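Coordinate analysis (summary)
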Amino acid sequence: MFREEKPLIIILDFDGIYGEQYYLSSLGRVIDLRKVDGVKFMCFPSKLCEIDDLIPKRQKLICFLGGGEYHHFSLLFLRRISFPFVLLLFDKHFDALKREDNFIRCDSWIRDALGLKNLFKLVFICKAEVRRDKICFLPPDPSKLSNLIKGKQVYISIDKDVLDLPLTRWGRGWLSLDELLNLLISISREKIIGVDICGEPDKLELWKIPQSERINLLILKALGVVIPDNVITSIKIA
């Protein structure tokens, strides 16, 4: 991944969920945000800027965000992009609800993203194909995706609640892990300008954490990060 430079892996640990994901944590820089208040599910724009100041000013990052209730922090990275790009989004929900407040919210952050001047197109992976204006709902077909993003730089945002696994607090999704990985592998590495990943389980559901770490490592491997197979297989799934 990222032909010009090796990606920097950042882990934003808002609630301690990554404390038991030992190998994943060893791959990158963990930023401990457990004492930061007012960021779960929603935050003021000023809080987003406050967190932004704690993250290295590099565009080519792979960032882990925690649970889906922190997915609005994707906006932080999208705002940094200074040229036209495609946002490729994997999520069980299309987080574009209407709101009447000034919060950046995990259920409406897509509305903020669509207002970014450098966002050329948003591609949302779902079951049926629908195209309108800047948004394209696209089934998990690597060839269709390849044609759609041809000649464009791509930012990838993944909420693991899209997967057909009982992993997150938001229930089981519809996309198989193999479909997700195959789509990621199909994207030319030089096209990818950044990635964020959320959808960790509830931290009290300890038996789900090994499975979540294993999926995180498989995603990283699909993105071109070198991870030995024996490391992935050694993680015992309950």
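Residues numbered from 1 in each chain as written. Predicted model: local features only at pLDDT ≥ 70, side-chain atom pairs only at ≥ 80, totals over all residues. Heavy atoms only, no water.

Describing the overall build of the protein
When helices and strands are tallied, the protein shows 8 helices and 11 strands. Overall, the C-alpha framework of the protein stretches about 45 × 40 × 35 Å when taken along its three principal axes. With 238 residues in all, the protein has 54% of them scored as buried. Nonlocal contacts in the protein, meaning residues at least 24 apart in sequence, comprise 67% of its contacts between residues at least 6 apart. (Helix = DSSP H or I, 4+ residues; strand = E, 2+ residues; numbered from the N terminus. Buried < 20%, exposed > 50% of the residue type's maximum accessible area, 1.4 Å probe, protein only. Contact = heavy atoms within 4.5 Å.)

Structural notes on helix H2 (residues 45-52)
Those residues of H2 not exposed but buried are Lys47, Leu48, Ile51 and Asp52. One side of H2 carries all its buried residues, which in axial view fall inside an arc of 145 degrees. At its buried positions, H2 is contacted by strand E3 (42-43) and helix H3 (74-78). (Arc of directions from axis to C-beta.)

A few points about the pattern of salt bridges
Per the stated rule, a full pass over the model turns up 14 salt bridges. Between Arg105 and Asp101 there is a salt bridge whose closest N-O contact spans 3.1 Å. On the accessibility criterion, Asp101 (30% relative accessible area) is partly exposed. Two residues, Lys221 and Asp229, come together in a salt bridge whose shortest N-O distance is 1.9 Å. Relative accessible area serves as the criterion here: at 33%, Lys221 is assigned to the partly exposed category. Salt bridges linked by common partners bring Arg99, Asp101, Arg105, Asp107 and Asp112 together as one network. (Salt bridge = Lys/Arg side-chain N within 4 Å of Asp/Glu carboxyl O.)

Digging into the environment of Ser157
Here Ser157 shows up in strand E10 (residues 153-159). Residue Ser157 is classed as buried on the basis of its relative accessible area of 0%. It is 23 Å that separates the C-alpha atoms of Ser157 and Val36, two residues lying 121 residues apart in sequence. Beyond its immediate stretch of four places on either side in the chain, Ser157 contacts His71, Ser74, Leu87, Leu88, Leu89, Phe90, Trp109 and Asp196. Within the structure, Ser157 has its side chain in polar contact with the side chain of His71 (distance 2.7 Å). (Polar contact = N/O pair within 3.5 Å; in protein donor to acceptor, adjacent residues only side chain to side chain.)

Observations regarding the pairing of strand E5 (residues 85-90)
It is a general feature of regular strands that their side chains alternate between the two faces of the sheet. Most of E5 is tucked away, with 6 of its 6 residues classed as buried. Here E5 shows a buried face lined by Phe85, Leu87 and Leu89 and a second buried face lined by Val86, Leu88 and Phe90. Examined bridge by bridge, E5 and strand E7 (residues 119-125) share 5 bridges and lie parallel to one another. Among the inter-strand pairings, Leu87 is bridged to a residue of E7, identified as Leu122. (Pairing = 2+ DSSP bridges.)

So, the state of the cysteines
Taken as a whole and assessed by the stated rule, the structure comprises 0 disulfides. Counting only cysteine sulfurs, Cys136 is the nearest neighbor of Cys126, a cysteine outside any disulfide, at a range of 8.2 Å. Under the relative-accessibility criterion, Cys126 is labelled buried at 14%. Not engaged in a disulfide, the cysteine Cys198 finds its nearest cysteine sulfur in Cys106; these two sulfurs lie 9.0 Å apart. (Disulfide = S-S within 2.5 Å.)

Some remarks on the pairing of E10
Across the 7 residues of E10, 6 count as buried, placing the element largely inside the fold. As defined by bridge partners, E10 adjoins strand E11 (residues 192-198) across 6 bridges and the pair is classed as parallel. Note that in E11 the partner of Asp159 across the bridge is Cys198. At this point the chain moves from E10, through helix H6 (residues 177-186), to the parallel E11, and the crossover so formed is right-handed. (Right-handed = clockwise from strand over helix to strand, strands pointing away.)

Observations concerning the nonpolar core
Core analysis: the largest hydrophobic core is formed by 45 residues, its most contacted members being Phe90 and Ile156. The contact partners of Phe90, leaving out residues within four places of it in the chain, are Ile125, Ile156, Ser157, Ile158, Asp159, Val162, Leu175, Leu180, Leu183 and Leu184. Counting 38 residues, the second-largest nonpolar core is a separate cluster that includes Phe73, Ile81, Phe85 and Leu89. (Core = buried A, V, L, I, M, F, W, Y, C linked by side-chain atoms within 4.5 Å.)

Fair warning: the whole summary comes from geometry, so function is off the table for now.
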